[in-house]
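Here are the chains, one letter per residue:
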Amino acid sequence: MDVLETSKLLDEELYSRQLYVLGLPAMQRIQRAKVLLSGLQGVGAEVAKNLVLMGVGSLTLHDPHPTCWSDLSAQFFLSEQDLGRSRAEASQELLAKLNGAVQVCIHTGDITEDLLLDFQVVVLTASELQEQLKVGTICHKHGVCFLVADTRGLVGQLFCDFGEDFTVQDPTEAEPLVAAIQHISQGSPGILTLREEADAHRFNNGDLVTFSGIEGMVELNGCAPRPLHVQRDGTLEIGDTTTFSHYLRGGAVTEVKRPKTVSHEPLDTALFQPRVVAQSPQEVHRAHCLHQAFHALHKFQQLHGRPPKPWDPVDAEMVVDLAQALESLKGTEGEPLEEQLDKALVRRVALSSAGGLSPMAAVLGAVAAQEVLKAVSKKFMPLDQWLYFDALDCLPEDEEPFPNPEDYAPRPKAEVAAEAARRLNSDLQVTPLTYQLDLTTEHIYGDNFFSSVDGVAAALDSFQARRYVAARCTHYLKPLLEAGTKGTLGSACVFIPHVTEDYRAPASAAASEDASYPVCTVRHFPSTTEHTLQWARDEFEGLFHLSAETVNCHQQALTSLAHLDESQVLTVQQVVLGVLRQRPQTWRDCVLWALGQWQLCFHYGITQLLSRFPPDKVLENGTRFWSGPKQCPRPLEFDASQDTHLLYVLAAANLYAQMHGLPGSRDQTVLRRLLKLLPLPDPQDLAPIFSSDLKLASAYAEFGPEQSKQLHEALEIWTVGPPLEPLTFEKDNDFHVDFVAAAASLRAQNYGIPPADRTKTKRIVGQITPAIATTTAAVAGLVGLELYKVVGSPRPRSAFRHSYLNLAENYFSRWVPHAPAIQKFHHWKWTCWDRLEVPAGQPERTLESLLAHVQKLNGLRVRMLLHGKALLYSAGWSPEKQDQHLSRRVTDLVLEVTRQVPKPGQRVLVLELSYEGEKEDVTFPPLHYKL
């Protein structure tokens, strides 16, 4: 099957977000992949789930062992009804239901050499060392990618062998650099100057690049990749251009990613000469100790025919002795590593090794599945070669006694429910809440709600929502487990009242989420792809949403538009009527309107701008008007044979038709024939564009009575027709995305800016966060590990971990959260988790009583504010005011200031404090006045 045919079969809607991470070529290779997975316990189930969701061609399951009670702890495809059935057979049906495009098979026999040759990748989980060595040797011999993944309690192990000569086509997730060209000189070497000076610093010496869209020096367009040399002044040497044509303008330079070659050792060598993924020498040493611990656990199993008993000190000491007796590890050059074995670490591994935990399975299963995808897609750098992950920080602190082995004997768990969560645990009480969690629903998620929960686990899409939920957790003193992913990046953090710092959104991420561009830049002087996309998104909003709302509003309020002034009338006419003189009645009318919009935006509008600011315009200080990031545009000529031109008219006409309740059409052939019959709109029919100061203005600056009358009569038709349908942008609506993509691309052509393809357009404009199953699963596992600590006995800060991972670049980092910052004012100290709590009392407190109580708590005379309004002062009042207010009840004063009564179920009033006599602002702890 060739690539083209595969592309047609790929369900791009099903894999839409994954495509943003991997790209179409990698997805096509994944779709053809054949994977053998042996071992269907917790880790194996996670690997299988992720591979099926990500669309491998076929997955063959191998696990003839019968399901037992211990499997139910971390294998979510199994239930009590499956006890006694083989794990592979019991898992197949549910796995297959996850994705009908993936063929899920079962192999019931032994793993033989002939069997292995039929697969691109082989994964062993929960396997014995002897089997790993046998299968690994065969795979390495025949060039089959080989992985081992396993967890023992709170420790996980992953090994990769992709052969001695494995080529990675796309080593990183980062998109190739694309920059707009300012000028290219003829010479040896030719010197390339970029429009944006900052872009030059993004390239490195030796980077390979290619070119597109150049006018004049066309020999560079589509040329073979050329190496760059970055000069001190930011210009780029691109090789000999002496014989090339003279450069005129435009064009883009695009980085060409270089493949990388990876060489892996077979397992029998790597077992004693391990290359481990670690970020520091301390992590390398810890990984080596865990490596020996796993090897010793295999030896224990071989000698005793069973794993060590849970929390059995005798078995644990035997494992430590076996680890000490193992052959010394060797470095990359074959020299013995003189490292001291951490016996305490090995002992803790052995004591807890019998457990099976779903978060650990999620983390290792996610990373293992990602490595499988690297093997079949040849995208991203594979592990080199061992990865060890441990969450032993979840165990009790050293000073706490270890549990008794009898307390951790395997127990049955019921998994019989229709819903997925209840099917996993029938004792689980799940209450789905469909109301949004924000300021508007605080009457639902109020005091009663938060008093009933022990903590919050959040995985929200925006930093605005994350900040809000974190603030609520701080207010109610609830632990927060916070998780997020973006492509192959993932993070998991924990925030504990009075123990750790509170949540703070990353400054760069929060800023980028709220980033906006100057209106003038977007409208008239775009210089980046983001500018063109913002312009196109604004066009959609103005043409198909705001215009319809404006007409509907006036229809409901008045029977005519006579109250509008001339400039308002022209604006409505430009947006809604365009080149038409009446409401559209047919598909032809809609196409004519769309063609007029095309001319207005990409030809006539640019012509008008250039008449105001000619290409050779020079400012009073002698500098050229069109220079630097301000690029001189050029008008486009409509050509129905060009796909982008046609796509704009097709999408715009269909959206315009929908707004007016008319049928549309998707037939591009018929549309092309129709466009040949339609004349291009007369410039006089197009609305005005700019005034000299670049603000929207009327070209008909002088309105006579006759012109005004005609304009208003033309718009009277809108008051008698049916309401228009305002269209709200939907990222999954083809016409919506097509319009924005085509409009942005044409705008980019006007200004010589590299355009974004449809996929990138949909991601940026639809504000889609790239997502991938492996990262999601890993982060879920990391959050689950912190949950063990939160729900257990109180832990010190050293027990908790923030985590960050990048699966594309094999980066894993975990660290202890910071302590909460201490604030100080005079002798008073507090953190973000502190507050002053004052009971209302019986009878309710007066103002005088409340102030006296607060002064007693902190020794300071304060004034109070409620919702930013001055409520009362403790000193400096006239005797009349003191007599008037100090004796009044607090709730009466609150009602007077805020005009609000406490909500049903509200238990506290939150008052803000400030200190008397101080000029600087101080943020004190809130005062919680209990009702």
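Residues numbered from 1 in each chain as written. Predicted model: local features only at pLDDT ≥ 70, side-chain atom pairs only at ≥ 80, totals over all residues. Heavy atoms only, no water.

Thoughts on the sheet that holds strand β19 (residues 489-495)
In a beta sheet, neighbouring strands pair by backbone hydrogen bonds and run either parallel or antiparallel. Judged by pairing direction, the sheet is mixed, and its five strands sit side by side in the order β17-β18-β19-β20-β21 without closing on themselves. Strands at the two margins of the open sheet, each flanked by one partner only, are β17 (456-458) and β21 (811-815). Across the sheet, the axes of successive neighbouring strands diverge by a mean angle of 5 degrees, strand direction being ignored. Set on the sheet, helix α27 (residues 773-791) makes contact with β18 (480-486), β19, β20 (802-806) and β21; between it and β18 the angle comes to about 170 degrees. (Pairing = 2+ DSSP bridges. Helix = DSSP H or I, 4+ residues; strand = E, 2+ residues; numbered from the N terminus. Axes fitted to C-alpha atoms, helices over the stretch in contact; angles between N-to-C directions. Contact = heavy atoms within 4.5 Å.)

A closer look at the side chain of Thr774
Structurally, the position occupied by Thr774 is in helix α27. Of the polar contacts made by the side chain of Thr774, one reaches the side chain of Gln370; its length is 2.6 Å. Once you skip the residues sitting within four places of it in the chain, Thr774 turns out to touch Asn50, Met54, Ala366, Ala369, Gln370 and Leu807. (Polar contact = N/O pair within 3.5 Å; in protein donor to acceptor, adjacent residues only side chain to side chain.)

Considering the packing of helix α22 (residues 643-659) against helix α23 (residues 668-677)
At their nearest, the axes of α22 and α23 sit 11 Å apart, and the two run at 95 degrees to each other. Classified by the interaxial angle, the pair formed by α22 and α23 is roughly perpendicular. Contacts between α22 and α23 involve Asp643, Leu646, Val649 and Leu650 from the first element and Gln668, Leu671, Arg672 and Leu675 from the second. Class assignment of the residues belonging to the contact of α22 with α23 gives a composition of five nonpolar, one polar and two charged. (Parallel < 35°, antiparallel > 145°, perpendicular 65-115°, else oblique. Nonpolar A, V, L, I, M, F, W, Y, C, P; charged D, E, K, R; others polar.)

Brief notes about the confidence of the model for the chain
Close inspection of predicted coordinates is inappropriate in any region flagged by low pLDDT. When pLDDT is averaged along the chain, the result is 81, and 82% of the positions lie at 70 or above. Overall, residues 688-703 carries pLDDT values under 50, and its contacts beyond four positions in sequence, including any with other chains, amount to 35 contacts. When the criterion is pLDDT under 50, residues 864-880 qualifies, and its contacts beyond four places in sequence or with other chains add up to 46 contacts. (pLDDT = per-residue confidence, 0-100.)

Here's the deal with the pairing of strand β2 (residues 58-62)
Within β2, five of the five residues are buried, which leaves it mostly tucked inside the rest of the structure. The alternating pattern of β2 places Ser58, Thr60 and His62 on one face and Leu59 and Leu61 on the opposite face, and all of these are buried. Of the strand pairs in this sheet, strand β1 (residues 34-38) and β2 are connected by five bridges, and their pairing is parallel. Pairing of Leu37 across the sheet is with Leu61, part of β2. On the question of chirality, the crossover connecting β1 to the parallel β2 by way of helix α4 (residues 42-53) is right-handed. Inspection of the sheet shows β2 paired to strand β3 (residues 103-106) by four bridges, in the parallel sense. Paired with Leu61 across the strands is Ile106, a residue of β3. In the classification by handedness, the crossover that spans β2, the intervening helix α5 (residues 87-98) and the parallel β3 is right-handed. (Buried < 20%, exposed > 50% of the residue type's maximum accessible area, 1.4 Å probe, protein only. Right-handed = clockwise from strand over helix to strand, strands pointing away.)

Quick notes on helix α12 (residues 343-352)
Within α12, seven of the 10 residues are buried, leaving the element largely enclosed by the surrounding structure. Residues of α12 that are buried in the fold lie against β5 (145-152), β6 (155-161), α10 (281-304) and α11 (313-325). Sitting at the amino-terminal end of α12 is Asp342, which places a side-chain oxygen 3.3 Å from the backbone nitrogen of Ala344.

Observations regarding the packing of aromatic side chains
Given two aromatic rings, one states the distance between the centres and the angle between the planes to describe the pair. Across all of its chains, the model carries 26 aromatic pairs by this definition. Centroid distance Trp386 to Tyr388: 6.0 Å. Interplanar angle 10 degrees. Geometry classified as stacked. Looking at Trp386, the relative accessible area reads 2%, which means it is buried. For the ring pair Phe449 and Phe450, a centre distance of 5.2 Å and an interplane angle of 90 degrees mean the geometry is edge-to-face. (Phe/Tyr/Trp six-rings, centres within 6.5 Å; stacked < 30°, edge-to-face > 60°.)

So, the sheet that holds strand β9 (residues 191-194)
In spatial order, the strands read β11-β10-β14-β8-β9-β13-β12; together these seven strands make up an open sheet with antiparallel pairing. Unpaired on one side and paired on the other, β11 (226-227) and β12 (229-230) mark the two borders of the sheet.

Some remarks on the state of the cysteines
As enumerated under the stated definition, the model contains zero disulfides in all. Cys139 forms no disulfide, and the closest cysteine sulfur to it belongs to Cys145, at a distance of 8.9 Å. According to the relative accessible area criterion, Cys139 is buried, its value standing at 1%. (Disulfide = S-S within 2.5 Å.)

Brief notes about a nonpolar patch on the surface
Among the surface-exposed residues, Tyr804, Tyr811 and Trp815 lie close enough to one another that they form a single nonpolar patch of about 280 Å² accessible area. Within the secondary structure, Tyr804 sits in strand β20. (Patch = residues over 30% accessible without salt bridge, like charges linked within 9 Å, V, L, I, M, F, W, Y side chains within 5 Å. Areas by Shrake-Rupley, 256 points an atom, 1.4 Å probe, with all protein chains shown as cover. Salt bridge = Lys/Arg side-chain N within 4 Å of Asp/Glu carboxyl O.)

Re the pattern of salt bridges
When the charged atoms of two side chains lie near each other, side chains of opposite charge can form a pair. Following the criterion strictly, the structure yields 30 salt bridges and no others. For Glu541, the salt bridge is made with Arg537, and the minimal N-O distance between the two is 3.4 Å. Residue Glu541 and its partner Arg537 are located together in helix α19 (residues 529-557), separated by four residues, close to a single helical turn. For Arg537, a relative accessible area of 23% corresponds to the partly exposed category. The network of salt bridges with shared partners includes Asp393, Glu786, Lys789, Arg801 and Arg814.

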